[in-house]
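Observations on the three-dimensional arrangement
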Amino acid sequence: MIRPPAFLIAAACLATAHGEPTTGFHADRLKAMETAVRTSVAAGRVPGAVLWLEHSGTAWHKAIGDRAIQPKRETLTEDTIYDAASLTKVIATTTAVMKLHERGKIGLDDPVSRHIPGFAGNGRDPITVRHLLTHHSGLPAGIASKDDWHGTDRAIELACALVPTGPPGTVYRYSDANFILLGKIVEIVSCVPLDTYCEREIFRPLGMKDTGFRRFDPVAIPPPPVKDVTRIAPTTLQPDGTPLRGIVHDPTSRRMGGVAGHAGLFLTASDLAKFCRMLLNGGRLGKSRILGQATVDLMTGVRSPDGSARRGFGWDIDSPHAGQRGGHFPLGGFGHTGWTGPSVWIDPFSNTFLIFLTNRNHPSENGSAGELRNQLATYAAEAVRDFNFLHVPGSLPPIPAAQPERRAPSEPRPVLNGIDVLARDGFDRLKGMKIGLVTNASGIDRNGRSTIDVLKAAPKVKLTALFSPEHGLRAQSEAEKIPDTKDAATGLPVYSLYGERKAPTAAQLAGLDALVFDIQDAGCRFYTYVSTLTHCMEATSATGIRMIVLDRANPIGSRVEGAVLTEPRSFVGIHEIPLRHGMTLGELALLIHAERKLTGKLSVVACEGGNPVTWFDLTGLPWRNPSPNLRNPTAILLYPGVGMLEFCKLSVGRGTDSPFEIIGAPYVDDLVLAAALNRTAPAGIRFTPVRFTPASSVFANTECRGVRLTVTDRDAVRAASLGLVLADTLHRLYPDKLGLDACLKLLGDRPTLEAIKAGTPVKRIEATWRPGLHRFEERRKPHLLYPRT
């Protein structure tokens, strides 16, 4: 069964407003959470609390206790609006800064003085945006709140006058001043007030209708009465005996009129849950993209420059303030707390978050929430039924001894490929089956073990035959045809699917219950493993056995580009997809199976954990060459554009130590070609003249002159467009020698070939692709297993 991504099921919350136990949680642990809050209420530590625990789209939420005690008691409701205090730092300010960073408006290593000219720091070592975000600026904890001052301008003057107690980047000190300055930077860069920017760019797109700053005139002390406060939880009593209600509790933010980078936000638990879902979904919720996945990873990984406290950008990972992680959630999650009592903890490993909203300083500052936060997080982890990091004795069922590998907090969030998910679940989907396996050396688990070895040792699974694609079982052969062999390690027959046949025969499949497919793809249409997959699905449909695809990450991410195949299908163009399709093999299997109306039983063991449609180095997976000449992620990125030309009279680097990173031929002038290509300035690529002699393949043992391709910005690279630039430039310089017509089979679109030959500008050729790409995007939507940013 394919497990849907969390963002597809988040809207289908199974919890009730009354906090009844829900599927996916242990009822006794939910009860323990409720009891912990009631105990704190009875002890006078908090008046009440709203809890929200959510795991993979299933939520339990409940209001316990009172919203207010003085001047009269009010029963708490789940839609109560709380003073978020320092949660403002991460929900509003950090998100705003990172959004502006994404847009190129704020550099993380920008000196603060670049944006706030009056800021001097210590006058020697520049304090940067990065230092402010990680609380490593060396600035004191805050600015004076007792002196008679009012207004944001005066607050910034005071912050600029602060003297650091040490060089930036050397000492961790949690400081409101850092985020007061960041809030001002957001205002200066965006040209609108902080509250306006956050409402427009974050809260409104996410549907956080009850979230926002509550601005007022700071000169009016005490502040004027606030209207519509019935749902707002009050905080400390003022000298006249009335509580602060609808006006920020933090005294510095109050003097700034309720809008500041460190405090001032008000919100509800349901709104904060939307924000947490957005982060777990890689920066997107529904149709709203707030941040990119890479930005979320950047923000929530360890970014502190020393080892004294692990902080992300804004977010707390493992500092002395991170007690709200509890006793079980592993390192690598992130959260924050607020002075008035609220906290949030997000655990990406288990797709879980816990929200705790309270007003512990009502009616006085004598309340406390620290111990309760820790208890709640511990019970929350125990409440999640499929939580894999602990075993709690008593009423909870045992957790299997095998546990998923934990990542260090500074590493990318790990992807579990299909084989890892299969093993984690005890091979339940294969138990009792006799199976064949289509694989090669790229079929490995997270620990580098061959899928062959993993399945051979799997309990109650009988692996009886192996099938190999192009390049053979070890992914090392360059032969045009590969014969059947026997695997020396297991003694199993190895049937070649790149020899006399391209698909398994009925005789080879006879007696099998399922054919399992586990090979690393390259994300490109003419890479032949998707063709082997297609032929296997056709063969299993014809014989009636089940096809099971163990999904793997797409190493060049989710970008879609290039012409959709219009030429007749072939082994290097098996289906009508673009040159760079942006899909995993599991998703392609679902698309092709549906569009070809295959009748066989197909299932995909989907990837879990991190994002499987991103750059390979962000997946946390071990690298293994999927074929002899794709030796690193850079080569795979360039492959759709450079490889498109390899049927021409041109070396693409095969037979050298840099395949697909150099191109050339004996007839090329390397200096002329490099200059011509650099004038075209394809995004993210530079060209250097080079001479090389391939040991094999095209122009073997002959000196070639050409260019080396250097990636300067991989996010900007458009591989299909690069292919156009290479083809156009080489054809203009060497029309009688290149043999451009030979690239049609890999290019897959005759109108594109004719346009190149006619000298049509690249941008105009790209425009002709758009209708087909738009139709493809619509075609693939029902078959996507993972969110796209």
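Structure: see above.
Numbering of residues starts from 1 in every chain and runs along the sequence as written. Residues qualify for local features only when their pLDDT is at least 70, as the model is predicted, and side-chain atom pairs are given and counted only at 80 or more; totals for whole chains, interfaces and linings, by contrast, use all residues. With hydrogens and water stripped out, all remaining heavy atoms of the structure feed into the side-chain values.

**Considering the pattern of salt bridges**
Cut-off, in case you're wondering: For salt bridges, the criterion is a side-chain nitrogen of Lys or Arg within 4 Å of an Asp or Glu carboxyl oxygen. Only protein chains enter the accessibility calculation, which uses a 1.4 Å probe. A residue is then buried if its area is under 20% of the maximum for its type, exposed if over 50%, and partly exposed in between.
Taken as a whole and judged by the stated rule, the model has 49 salt bridges. Measuring nitrogen to oxygen at the nearest pair gives 2.9 Å for the salt bridge that ties Arg310 to Asp318. We classify Arg310 as partly exposed; its relative accessible area is 34%. You can call Asp318 partly exposed: its relative accessible area is 24%. Between Arg360 and Glu365 there is a salt bridge, with its nearest N and O atoms 3.1 Å apart. When its relative accessible area of 8% is taken as the criterion, Arg360 is described as buried. A relative accessible area of 32% means that Glu365 is categorised as partly exposed. Linked by salt bridges that have partners in common, Asp79, Lys209, Asp210 and Arg231 make up one network.

**Here's the deal with the pairing of strand 2 (residues 58–68)**
Formally: Here a helix means four or more residues in a row that DSSP labels H or I, a strand means two or more in a row labelled E, and each is numbered from the N terminus. Pairing between two strands is assigned when DSSP locates at least 2 bridges connecting them.
The buried count for strand 2 comes to nine of eleven residues, which makes it a mostly enclosed element. As judged from the eight bridges shared by strand 1 (residues 48–55) and strand 2, these two strands associate in the antiparallel manner. Across the sheet, the residue bridging to Ala49 is Ile64, located in strand 2. Here strand 1 hands over to strand 2 after two residues, with Ser56 in that stretch at a positive phi of 50°. Inspection of the sheet shows strand 2 paired to strand 3 (residues 74–75) by two bridges, in the antiparallel sense. In the sheet register, Asp66 faces strand 3, and the bridge partner there is Thr75. Connecting the antiparallel pair strand 2 and strand 3 is a turn made up of five residues.

**Focus: the pairing of strand 1**
Most of strand 1 is tucked away, with eight of its eight residues classed as buried. Taking every second residue as pointing to the same face, both faces of strand 1 are buried, with Gly48, Val50, Trp52 and Glu54 on one and Ala49, Leu51, Leu53 and His55 on the other. Examined bridge by bridge, strand 1 and strand 13 (residues 352–358) share seven bridges and lie antiparallel to one another. Residue Leu51 lies in a different strand from strand 13, and its bridge partner there is Phe356.

The values reported here are purely geometric and, on their own, carry no functional implication.
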